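# Survey of secondary and tertiary structure
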Amino acid sequence: MRIGALARRTGVSARALRYYEEKGLLVPERTSAGYRVYTEEHIETVRRIRLLLAAGLNSDMVREILPCMVDDGEFLAPACEDLIAAFERERRRIDTQIAELRDVRSALTGIISAGKALASR
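Residues numbered from 1 in each chain as written. Predicted model: local features only at pLDDT ≥ 70, side-chain atom pairs only at ≥ 80, totals over all residues. Heavy atoms only, no water.

## Some words on the overall build of the protein
Looking only at helices and strands, the protein has 5 helices and 4 strands in total. Starting at the N terminus and ending at the C terminus, the protein contains elements arranged as α-α-β-β-α-α-β-β-α. For 121 residues, the compact-globule estimate of 2.2 N^0.38 gives 14 Å, and the protein exceeds it by more than 25% at 21 Å. Judged by the C-alpha coordinates and their principal axes, the protein covers about 75 × 35 × 25 Å. Out of the 121 residues in the protein, the part that is buried amounts to 25%. Across the protein, contacts joining residues at least 24 apart in sequence account for 42% of those joining residues at least 6 apart. Within the protein, the 18 negative side-chain charges are centred at a point lying 10 Å from the centre of the 20 positive side-chain charges. (Helix = DSSP H or I, 4+ residues; strand = E, 2+ residues; numbered from the N terminus. Rg over C-alpha atoms; globule rule 2.2 N^0.38 Å. Buried < 20%, exposed > 50% of the residue type's maximum accessible area, 1.4 Å probe, protein only. Contact = heavy atoms within 4.5 Å. Lys, Arg positive; Asp, Glu negative; His and termini not counted. Charge placed at Lys NZ, Arg CZ, Asp CG, Glu CD.)

Right, dumping it as structure tokens:
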């Protein structure tokens, strides 16, 4: 199938698919005329890419770990042992960011409250 068909079947824009190819995440075959040709397997690859990106991983990390991921029917699961530790580190990094954002939100809420109190005097 061509890129437009893959885009329709996966719900991912052709532009995003070209980006995935540029980043080495998706490797289509090429016709002698240079057209991209995708198989049914590429549909599954795009689904896996989307799941990993939705988990907050960047495209460089996705490229690195994609070969080590297997589908357990509901989630993607790391088949390489060292990936579990890497995912745990990423989760801790995200937890730290969440805590920092909560602190920022709390400070902003205090500023807003003080401003409203001053304005109502």
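## Here's the deal with helix α3 (residues 40–54)
Here α3 contains 15 residues, and its C-alpha end-to-end distance of 22 Å stays within 8% of the 21 Å for a straight helix at 1.5 Å per residue. Turning to α3, its buried residues are H42, I43, T45, V46, R48, I49 and L52. Of the surrounding elements, those touching the buried residues of α3 are α1 (3–10), α2 (14–22), β2 (36–37), α4 (59–65), β3 (69–71) and β4 (76–78). Directly after α3, the chain includes G56, whose backbone phi takes a positive value near 95°. (Expected span 1.5 Å × (residues − 1).)

## Quick notes on the packing of aromatic side chains
A full pass over the atoms with the stated rule returns 1 aromatic pair. Sitting above the plane of the Y35 ring, R2 keeps its charged end 4.4 Å from the centroid. (Phe/Tyr/Trp six-rings, centres within 6.5 Å; stacked < 30°, edge-to-face > 60°. Lys NZ or Arg CZ within 6 Å of the ring centre and 35° of its normal.)

## Quick word on the nonpolar core
With 21 residues, the main nonpolar core has L6, L17, Y20, L26, V46 and L52 as its most contacted residues. Elements with a contribution of two residues or more to this core: α1, α2, α3 and α4. The leading source of residues in this core is α3, at 4 residues. When sequence neighbours within four positions are dropped, the list of residues in contact with L26 reads L6, L17, Y20, E21, Y38, H42, T45 and V46. (Core = buried A, V, L, I, M, F, W, Y, C linked by side-chain atoms within 4.5 Å.)

## Side note on the state of the cysteines
Taken as a whole, this structure holds 1 disulfide when the rule is applied. Covalently, C68 is tied to C80 through a disulfide, its sulfur atoms 2.2 Å apart. The disulfide joining C68 to C80 has a torsion of about -75° about its S-S bond and is therefore left-handed. With C68 in the loop between α4 and β3 and C80 in the loop between β4 and α5 (81–119), the pair connects residues that are 12 residues apart, well separated along the chain. C80 gets classed as partly exposed once you look at its relative accessible area, which sits at 22%. (Disulfide = S-S within 2.5 Å.)

Coordinates in, geometry out; function isn't part of it.
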